[in-house]
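Here is how the chains run, residue by residue.
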Amino acid sequence: MDLQAVDLIKRLKYRYLRCLDQKRWDDIAGCFTEDATAAYGGGAYTFEGRDDIVAFLVRNLGRVTVLTSHRCHHPEIDVHAERARGVWAFDDVVIDTDFNVTVSGAGFYTDEYALDGDQWRISHTGYRRTYEQIGAREGVEGLRLSASWWATDGRSDLPAE
Amino acid sequence: MDLQAVDLIKRLKYRYLRCLDQKRWDDIAGCFTEDATAAYGGGAYTFEGRDDIVAFLVRNLGRVTVLTSHRCHHPEIDVHAERARGVWAFDDVVIDTDFNVTVSGAGFYTDEYALDGDQWRISHTGYRRTYEQIGAREGVEGLRLSASWWATDGRSDLPAE
Amino acid sequence: MDLQAVDLIKRLKYRYLRCLDQKRWDDIAGCFTEDATAAYGGGAYTFEGRDDIVAFLVRNLGRVTVLTSHRCHHPEIDVHAERARGVWAFDDVVIDTDFNVTVSGAGFYTDEYALDGDQWRISHTGYRRTYEQIGAREGVEGLRLSASWWATDGRSDLPAE
C-alpha cells in the first residue's frame, strides 16, 4: 500500500542522512542500489554506481574534523509500483575544523527509489542548491566550538541509534 | 479518512513552500482559496484574498537576487470534515545580495485549510515569530556565496521538481 | 495500529518542542511520564523524574530574554506494544539577549515512549550532539534582533497554537 511504501522510503532517507552525519560508511552503502547514480550541485558532480557514490562521500566527509548536519524536509513522494520519485527540501551545515570554515546551504533533492528485493533503496539522487555560502571560523567575534560527536559527546553511553 | 487528509494537507504546504523558494508564482496561487487571508508577523501585515497575498510575496521575494529557504516542521494538523487547522514550527533564511543582508528567524504558523472541490487549499495562514535577526553580508570575515539556484546550479538538467 | 501510534508519538514530540520554545512549562510536564529520565549532552547532564527535568528546562530557558528554536527531523520510530523507541535528528538555536550570545548546534535524540493510560508520554529522552558552537552577538557586523515572540510579535491576536 502506498502510505506504507512512502513511510519506508522516508525511513530509508532518514537512515541515509543519519549515517552520513555519524560517518557510518558501511551502513550507508546499503541505502543505495548497486547501480545507483548521483548528480550533485545541479549536475556539476556526477557519480555512477554505489561504490563511486560512497567513495565520494568518504573522500569529502570521512575526517572526524568535518562535523556535518544534513537535514531533509517537505517530502513529496510518489510511488508507482516498485519505483518511486521523491522531492525533498534540504539544508546542510558543514564545519571543517582543519580548514576553519563553515559551509551552509539549502536546496532541493530529486531522488528515485527502487524496491530491491524486500528493501527500498535509492536508485538516483541529485540536488540543486537554492544557495550555498562559505564563512570563515577564524577571526569571527567570539566564535568557538563547544561540543562535538567525536569529542565531548563521545562520552555517551547512549546508543547512537 | 483523516490520515489521508492530513497527508494531502502536508503535501499542499510542502508544495507551497517549494514554490516560494523556487519563485513559481503561478503555481503558488493555486495553493490558496480565492478568499484566503494572511496575517504575518503576529498580525503586523494582513492580506485579504489570494491575489493580495501572492502580490505581497512577489513584491518581497520576486527578485532572483533574493535567495530564500523557508522550512516548516512539527505539523500538528486537525481535520474536521472539509476544514482543517494546522500549527507548524518554521525557520527561514533570506539572503538579499542587492542589499547585502541575511535575515533569519524562527516561529510558528497557524494555518486553516479548506477542501475546495477535490483540492485542499490554504484558507488562512499566519505566523508569529519566536525571533528574527538581520545580519550584514559585507565586512563579515571571509563570507561569500558559493552557489545559487539561478547561477551555478542553473546548469541543472534535473527537473526542479 | 502502529502507523497511528507513530503518529501520536510524533504529535507528542511536536507538542513538547512547541511548549519548549513558547515556554509553556505547565503543558510541558504532561509530555513526560512521572518517572521519566533524561540524559543530555551524551550523558553529561542527567535527570531523574518529570519534575527534575522540567525544573532544569525552566532554570535554563525560563527567561523571556532567551529566544529558542528547537527543531526535530527524520523520525525513526519503532513501536512495541505499549512501548516505543524513537531516534530523531535535531538542530537548535538559542539566542540569549542578556549574555549577548547565540548557541547553535545539531545532533541526534534517542527517546523512549510509554503508553500511559490513553496517552503516549516521553519516558526517556537523551541526545548526543554532532556539534555545538557559541558565537558572540556583540561586535558582530550589523547583527540585530528584528522581531521576537515576547516583544514585536506579542501584538498577535492569533492563538499561539
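Everything quoted here is computed from the prediction, not taken from an experiment.

## Points about the overall build of chain A
Here's step 1: Check the secondary structure of chain A and you find three helices and seven strands.
Here's step 2: Listing each helix as α and each strand as β along chain A from the N terminus yields α-α-β-β-α-β-β-β-β-β.
Here's step 3: In terms of C-alpha radius of gyration, chain A reaches 17 Å, essentially the compact-globule figure of 15 Å for 161 residues.
Here's step 4: A buried classification covers 58% of the 161 residues belonging to chain A.
Here's step 5: Pairs at least 24 apart in sequence give 55% of the contacts found in chain A among residues at least 6 apart.
Here's step 6: Element-wise, carbon and sulfur atoms account for 47% of the exposed surface of chain A, whose accessible area totals about 6,700 Å².

## Quick word on the confidence of the model for chain A
Residue and element names in this part refer to chain A.
Here's step 1: Of all residues in chain A, 94% attain a pLDDT of 70 or more, and the chain-wide mean is 92.
Here's step 2: Ranking the elements of chain A by mean pLDDT puts strand β7 (residues 144-148) last, at 93, and strand β4 (residues 83-96) first, at 98.
Here's step 3: Segment residues 156-161: pLDDT under 50, and 19 contacts once partners within four positions in sequence are set aside and those in other chains are kept.

## Brief notes about the nonpolar core
Residue and element names in this part refer to chain A.
Here's step 1: Ranked by internal contacts, the top residues of the largest apolar core, which has 37 residues, are Y16, Y40 and L57.
Here's step 2: Within the residue set of this core, elements represented by two or more residues are α1 (2-21), α2 (25-29), β1 (32-40), α3 (50-61), β3 (66-80), β4, β5 (101-116) and β6 (119-136).
Here's step 3: It is α1 that provides the largest number of residues to this core, a total of nine residues.
Here's step 4: Contacts of Y40, omitting those with residues within four sequence positions, involve Y16, Y45, F47, I53, F56, L57, T125 and Y127.

## Points about the environment of T68 of chain A
Here's step 1: Its place among the elements puts T68 of chain A in strand β3.
Here's step 2: With relative accessibility at 0%, the residue T68 of chain A sits in the buried group.
Here's step 3: Between the alpha carbons of T68 of chain A and I95 of chain A there is a distance of 6.3 Å; along the sequence they are 27 residues apart.
Here's step 4: Those residues in contact with T68 of chain A, other than ones at most four positions away along the chain, are L20, D21, L61, V93 and V94 of chain A together with T130 of chain C.

## Comments concerning the relation of the copies chain B and chain A
Copy one and copy two of the chain differ by a rotation about a common axis and a shift along it.
Here's step 1: Rotating chain B by 120° about the axis while translating it 0.0 Å along that axis superimposes it on chain A, leaving an RMSD of 0.0 Å. These values place the two chain copies in the arrangement generated by a three-fold rotation axis.
Here's step 2: Comparing contact sets, just 3% of the residues at the interface of chain B also lie at the interface in chain A, consistent with a heterologous contact between different surfaces.

## As for the relation of the copies chain C and chain B
Here's step 1: Note on the copies: chain C fits chain B at an RMSD of 0.0 Å, the axial shift is 0.0 Å, and the rotation between them is 120°.
Here's step 2: Little of the interface of chain C is mirrored in chain B, where only 3% of its interface residues are also at the interface.

## Overview of helix α1 (residues 2-21) of chain C
Note that an α-helix has 3.6 residues per turn; residues three or four places apart therefore point the same way.
Here's step 1: Between the first and last C-alpha of α1 of chain C there are 29 Å, a value that for 20 residues agrees with the 28 Å anticipated at 1.5 Å per step.
Here's step 2: Backbone geometry just downstream of α1 of chain C places K23 of chain C in the positive-phi region, at approximately 55°.

So, how was this worked out
Residues numbered from 1 in each chain as written. Chains lettered and ligands numbered in written order. Predicted model: local features only at pLDDT ≥ 70, side-chain atom pairs only at ≥ 80, totals over all residues. Heavy atoms only, no water. Helix = DSSP H or I, 4+ residues; strand = E, 2+ residues; numbered from the N terminus. Rg over C-alpha atoms; globule rule 2.2 N^0.38 Å. Buried < 20%, exposed > 50% of the residue type's maximum accessible area, 1.4 Å probe, protein only. Contact = heavy atoms within 4.5 Å. Areas by Shrake-Rupley, 256 points an atom, 1.4 Å probe, with all protein chains shown as cover. pLDDT = per-residue confidence, 0-100. Core = buried A, V, L, I, M, F, W, Y, C linked by side-chain atoms within 4.5 Å. Least-squares fit on C-alpha atoms with pLDDT ≥ 70 in both. Expected span 1.5 Å × (residues − 1).

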